[in-house]
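# A closer look at the structure
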Amino acid sequence: MTPLRQRFLEEFARRNYSPRTTEAYLAGVLRFVRFTGRSPDQASAEDVRRFQLHLIAQGLSWSQFNQASCALRFFFTHVLQRPNFVPFVPFARKPKKLPVILSPDEVRRLLAAAATDRDRLMLRLAYGCGLRLGEILRLRLADLDSARGTLWVRGGKGNKDRGVPLPDCLLAELRRYWQKYRPVDYLFPNRHGRPLNPGSLQRIFQQARQCSGLTKPASMHTLRHCYATHLLEAGTDLPTLQRLLGHGNVQTTMGYLHLRSERLRQVRSPLEFLENPGGDGPPPVTPGGPT
């Protein structure tokens, strides 16, 4: 291991960053090294500029682009002790797009289309407990608290633990699953006893989506979005939803307010008032009030 790489890992250890963050940042720096063909302590601002243009040309998502930028910023600031280099590593503005949301009937069709009972259980856990893809793959037997009806998510995003309600129907399915497959540690291990590859679960989802006949551009994370949106539509308050999702900032949770279908249906277009003059019009404007 090179001294720079050792220092990089030590700086992450000092800050108690999660292994996933460490791995992602290290991959970003290594990608930069492969692009430049030399040690990163010899890099110039022009190298960074060309690297970022290269990432754009490669068609990386803006999230991946910004993750690589974060990795370089961390490296130059804490490993090379060159914070003056940070202004040369800009972030990209990410488009603010609302996520795809499936209706309850569409979710039902998707879950029914899973190829095996194990595949179906993973998808049902994602929707029934609002889990991220990685959280499903890292689930262990010890995370199931049947006495309290709780599923414990260990080391979620931001290295935070949280508990979510475990529905009786899922608990019964988990018991049947254990009786059939007898997992020892991880609930959904590969043949080596380690968590499944994330790509495997994404493929399971896409196969179910295609078999169900759904045409919306959904992904595994869509089930978590559906969990949050459907809970809001059922009357769950924002602070509770924030805790269930493990959000550090309620502003993140508030984004789901824009997705509630019943709120959209309640809004009447001003065109309706023109077409139906005798109906209820828009609320009257108070003279001198705000416009």
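No experiment lies behind these values; they were computed from the predicted model shown.

### Looking at the overall build of the chain
When its secondary structure is counted, the chain shows 14 helices and 3 strands. Oriented by its inertia axes, the alpha-carbon framework of the chain measures out at about 75 × 65 × 35 Å. Scored against the burial criterion, the 291 residues of the chain give a buried share of 37%. In the chain, of all internal contacts separated by at least 6 residues, the share reaching a separation of at least 24 is 59%. Of the roughly 17200 Å² of accessible surface on the chain, a fraction of 54% belongs to carbon and sulfur atoms.

### A closer look at a nonpolar patch on the surface
Residues L53, I56 and W62 make up a contiguous nonpolar surface patch of about 260 Å² in total accessible area. Looking at where W62 falls in the secondary structure, it is placed in helix α4 (residues 62-79). Given a relative accessible area of 33%, W62 falls into the partly exposed group.

### Things to note about the nonpolar core
Most often, soluble globular proteins keep nonpolar side chains buried together rather than apart. One finds L125, L151, F188 and M220 to be the most contacted residues of the largest nonpolar core, which totals 47 residues. Elements represented by at least two residues in this core include exactly α5 (104-112), α6 (117-129), α7 (133-137), β2 (150-153), α8 (168-181), α9 (198-212), α10 (220-233) and α11 (238-245). Sequence-distant contacts of F188, that is, excluding residues within four places in its chain, are made with R118, L121, M122, L125, I136, Y177, R194, P195 and L196. Counting 23 residues, the second-largest nonpolar core is a separate cluster that includes F32, L55, A68 and V79.

### Some details on the pairing of β2
The sheet contact formed by strand β1 (residues 144-145) and β2 spans 2 bridges and is antiparallel. Bridge pairing in β2 links D145 to T150. The antiparallel hairpin formed by β1 and β2 contains 4 residues in its connecting segment, where G149 sits at a positive phi of about 60°. One ladder, built from 4 bridges, connects β2 with strand β3 (residues 162-165); its direction is antiparallel. Across the sheet, residue L151 finds its bridge partner in β3, namely V164.

About the criteria used
- Residues numbered from 1 in each chain as written.
- Predicted model: local features only at pLDDT ≥ 70, side-chain atom pairs only at ≥ 80, totals over all residues.
- Heavy atoms only, no water.
- Helix = DSSP H or I, 4+ residues; strand = E, 2+ residues; numbered from the N terminus.
- Buried < 20%, exposed > 50% of the residue type's maximum accessible area, 1.4 Å probe, protein only.
- Contact = heavy atoms within 4.5 Å.
- Areas by Shrake-Rupley, 256 points an atom, 1.4 Å probe, with all protein chains shown as cover.
- Patch = residues over 30% accessible without salt bridge, like charges linked within 9 Å, V, L, I, M, F, W, Y side chains within 5 Å.
- Salt bridge = Lys/Arg side-chain N within 4 Å of Asp/Glu carboxyl O.
- Core = buried A, V, L, I, M, F, W, Y, C linked by side-chain atoms within 4.5 Å.
- Pairing = 2+ DSSP bridges.

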